[in-house]
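Residue-level structural notes
Okay, here's what each chain looks like letter by letter:
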Amino acid sequence: MATYGEKKSFLDSFSFHDRASCAKAIKSGGIAALISAGITVAFGVAGFVTTSTNKDLAYMLDPAVLVDAAIFAVLAIFVFRKSRVAATLLFIYFTIGKLLMWYEMGKASGVLLTIVFFLFYLTAMRATYAWHSRYRDAEEEVTAEQAAAAGLKI
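Figured I'd write up the structure that's included with this text.

Parameters at a glance
Residues numbered from 1 in each chain as written. Predicted model: local features only at pLDDT ≥ 70, side-chain atom pairs only at ≥ 80, totals over all residues. Heavy atoms only, no water. Helix = DSSP H or I, 4+ residues; strand = E, 2+ residues; numbered from the N terminus. Buried < 20%, exposed > 50% of the residue type's maximum accessible area, 1.4 Å probe, protein only. Contact = heavy atoms within 4.5 Å. Areas by Shrake-Rupley, 256 points an atom, 1.4 Å probe, with all protein chains shown as cover. Axes fitted to C-alpha atoms, helices over the stretch in contact; angles between N-to-C directions. Parallel < 35°, antiparallel > 145°, perpendicular 65-115°, else oblique. Left-handed = near helix turned anticlockwise from the far one by under 90°. Nonpolar A, V, L, I, M, F, W, Y, C, P; charged D, E, K, R; others polar.

**A word on the overall build of the protein**
Helix and strand counts for the protein stand at five helices and zero strands. The linear arrangement of helices and strands in the protein, starting from the amino end, is α-α-α-α-α. Of all 154 residues assigned to the protein, the portion counted as buried reaches 31%. Residue pairs in contact within the protein that sit at least 24 positions apart in sequence constitute 69% of those at least 6 positions apart. Accessible surface for the protein amounts to roughly 10,200 Å². Of this, 66% is attributable to carbon and sulfur atoms.

**Examining the packing of helix α3 (residues 65–80) against helix α4 (residues 84–105)**
Two elements in contact, α3 and α4, have axes separated by 8 Å at closest approach and are oriented at 150°. In terms of their interaxial angle, α3 and α4 are classed as roughly antiparallel. Once α3 is placed against α4, the crossing between them reads as left-handed. Here α3 contributes Asp68, Ile71, Phe72, Leu75, Phe78 and Val79 to the contact with α4, which in turn contributes Ala86, Ala87, Leu89, Leu90, Tyr93 and Phe94. Partitioning the contact of α3 with α4 into residue classes produces eleven nonpolar, no polar and one charged.

This is how it looks when you write it as structure tokens:
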């Protein structure tokens, strides 16, 4: 009978210990940024067609949040390309944006979801730095070995 590996917890998503898990952490951070951009686009587009008397909802329905969505989407693309600068900017932009939003609204709302996105962005940022310090050179070595095996000069 086949045995299954150890059951992983949700917090295991925020750790990396080898090349594959590092790449997965970077990819997860990029996906989280695209999800955030998608949610922001939905609120921004809804802001064009509706208004709200609720102060908190009116803040989110401002069509200007489409700029935020575009920034998140562009940063996500570069995170997928393993950019340390983009991952760091994504983390900083998200953190400052949430703190400013909470300050302007007068209360911290959506804290649990914010913590999850914060962890994804932090892990992606850490993983991009780890990737460039540990695994990027290994990728180039494999390429050189493959070229040598194929009889090509680099």
